[in-house]
Amino acid sequence: MAQRTRSDARRNRDLIIAAARKAVAAQGTDTSLREIARRAGVGIGTLYRHFPTREAMLEALLDADFEALRLRADSLLAAPSPDEALLTWLREMAAGSATYRGLPESIMDALADEESRLHITCAQMRSAGGRLLERAQRAGSVRDDVSITEVISLVLGLAWAAERAGEATDLAARLLTTAMYGLARPAQEDLPAT
C-alpha cells in the first residue's frame, strides 16, 4: 500500500509539473495555482502538498534549466575565444529566460533574496557565468569594472524588454549583441588620457 501511495504521489507531482510548465509558458509566472491544479486534474490541496509556495513550484520548473545553464558555462570554459564563450552563454540565458513570461523578474528577485527557494539555484548559475566573465576579463576582451551580477541584470533586462516589445524571439539576442560592445574593453588608443 505504501508503494502505491508513493507511486500516486510521484504521478501527481509529475502531472502538476507538466501542467505548470504549460500554464506558465502560456500565462507567465503569475499564473493561478488553482488553474495549474485544474489542468493537472488534482485538487489545490494536492498541489500545495507538493509545492507549498509558487516559488517552490517555479524552482521545480527551473531547476533543470538552470543546471543545464551551469553545465553549459562549465563546458564553454574550454572554448578557444573567451568573449565568444561568454556571449554564447549569455544568449542561451536570454533565450531561456524568455521561456516563461515574468521569468526575468523572478530570477532577479531570487538572486537578491537569500531566503528565496530559487536563490541557491540562481546563485549557482550566476557563479558559473562568473567564471566565464572572469576568463573573458583576463583575456582582455571584457572590461574589468563589470561584475557577473551586473551582466546578468543586463541580460535579464534585455530579455524583459524583448518580452514586453512582443517582438521576434531573437530580439533579446540582438540587443545582447549590441550591449556586448559596451562590455568590451576599449582599445588602448581609445582610453582617455589620465
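The structure under discussion appears in the preceding block.
Thresholds, definitions, all that
Residues numbered from 1 in each chain as written. Predicted model: local features only at pLDDT ≥ 70, side-chain atom pairs only at ≥ 80, totals over all residues. Heavy atoms only, no water. Helix = DSSP H or I, 4+ residues; strand = E, 2+ residues; numbered from the N terminus. Buried < 20%, exposed > 50% of the residue type's maximum accessible area, 1.4 Å probe, protein only. Contact = heavy atoms within 4.5 Å. Areas by Shrake-Rupley, 256 points an atom, 1.4 Å probe, with all protein chains shown as cover. Lys, Arg positive; Asp, Glu negative; His and termini not counted. Charge placed at Lys NZ, Arg CZ, Asp CG, Glu CD. Salt bridge = Lys/Arg side-chain N within 4 Å of Asp/Glu carboxyl O. Expected span 1.5 Å × (residues − 1). Core = buried A, V, L, I, M, F, W, Y, C linked by side-chain atoms within 4.5 Å. Axes fitted to C-alpha atoms, helices over the stretch in contact; angles between N-to-C directions. Parallel < 35°, antiparallel > 145°, perpendicular 65-115°, else oblique. Nonpolar A, V, L, I, M, F, W, Y, C, P; charged D, E, K, R; others polar. Left-handed = near helix turned anticlockwise from the far one by under 90°. Arc of directions from axis to C-beta.

(A) Representation of the overall build of the protein chain in the model. Tallying secondary structure elements over the protein chain gives nine helices and zero strands in all. The linear arrangement of helices and strands in the protein chain, starting from the amino end, is α-α-α-α-α-α-α-α-α. Based on the C-alpha atoms only, the size of the protein chain along its principal axes is roughly 75 × 35 × 30 Å. A buried classification covers 40% of the 194 residues belonging to the protein chain. The long-range fraction of contacts in the protein chain, counting pairs at least 24 apart against all pairs at least 6 apart in sequence, stands at 66%. When the accessible surface of the protein chain is summed, it comes to about 10500 Å², and 52% of that surface belongs to carbon and sulfur atoms. The distance from the centre of the 25 positive side-chain charges to the centre of the 27 negative ones in the protein chain is 10 Å.

(B) Here's a closer look at the pattern of salt bridges. The final tally for this structure, using the stated rule, is seven salt bridges. For E35, the salt bridge is made with R39, and the minimal N-O distance between the two is 2.9 Å. Taken together, the residues E35 and R39, both in helix α2 (residues 33-40) and four residues apart, mark about one turn of the helix. We note a salt bridge from R70 to D74, for which the minimum N-O separation is 3.0 Å. In this pair, R70 and D74 are both assigned in helix α4 (residues 54-76), four residues apart and thus about one turn of the helix distant. Among the ionic contacts, a cluster of salt bridges with common partners joins E67, R70, D74 and R131.

(C) Quick peek at helix α8 (residues 148-165). An ideal rise of 1.5 Å per residue puts 26 Å on 18 residues; α8 measures up with 25 Å between its terminal C-alpha atoms. At its buried positions, α8 is contacted by α5 (82-97), α6 (103-112), α7 (119-138) and α9 (171-183). Phi turns positive one or two residues past the end of α8, at G166, with a value near 65 degrees.

(D) Representation of the nonpolar core within the structure. Within the largest apolar cluster, 57 residues are counted, with the highest numbers of intra-cluster contacts made by I36, L61, L62, L86, W89, L90 and I107. When contributions to this core are tallied by element, the ones reaching two or more residues are α1 (2-27), α2, α4, α5, α6, α7, α8 and α9. The element contributing the most residues to this core is α4, with nine residues.

(E) Inspection of the packing of α7 against α8 at higher detail. Packing of α7 against α8 leaves a shortest axis separation of 9 Å and a crossing angle of 105 degrees. On the basis of their axis angle, the class for α7 and α8 is roughly perpendicular. When α7 is examined against α8, the residues R126, G129, G130 and L133 are found in contact with a partner set consisting of I148, T149, V151 and I152. In the contact of α7 with α8, the residues fall into four nonpolar, three polar and one charged.

(F) How the structure looks around the packing of α5 against α9. Where α5 contacts α9, the axes come no closer than 9 Å and their chain directions differ by 145 degrees. α9 is crossed by α5, and the crossing has right-handed handedness. Contact with α5, carried on its side by D83, L86, L87, L90, R91 and A94, involves A172, A173, L176, T177 and M180 of α9 and no other residues of that element. Here the residues of the contact of α5 with α9 sort into eight nonpolar, one polar and two charged.

(G) Fine view of α6. Turning to α6, its buried residues number three or more, namely L103, P104, S106, I107, A110 and L111. Buried residues in α6, looked at end-on, bunch into an arc of 160 degrees, giving them a common side. Facing away from the buried side of α6 by over 90 degrees, the exposed positions are D109 and A112. Lining the buried residues of α6 we find α4, α5, α7 and α8.

(H) Just the environment of R72, in detail. Along the chain, R72 turns up in helix α4. Counting along the chain gives 56 residues from R72 to A128, while the straight-line C-alpha distance between them is 8.7 Å. Excluding its chain neighbours within four sequence positions, the residues that come into contact with R72 are T88, W89 and E92.

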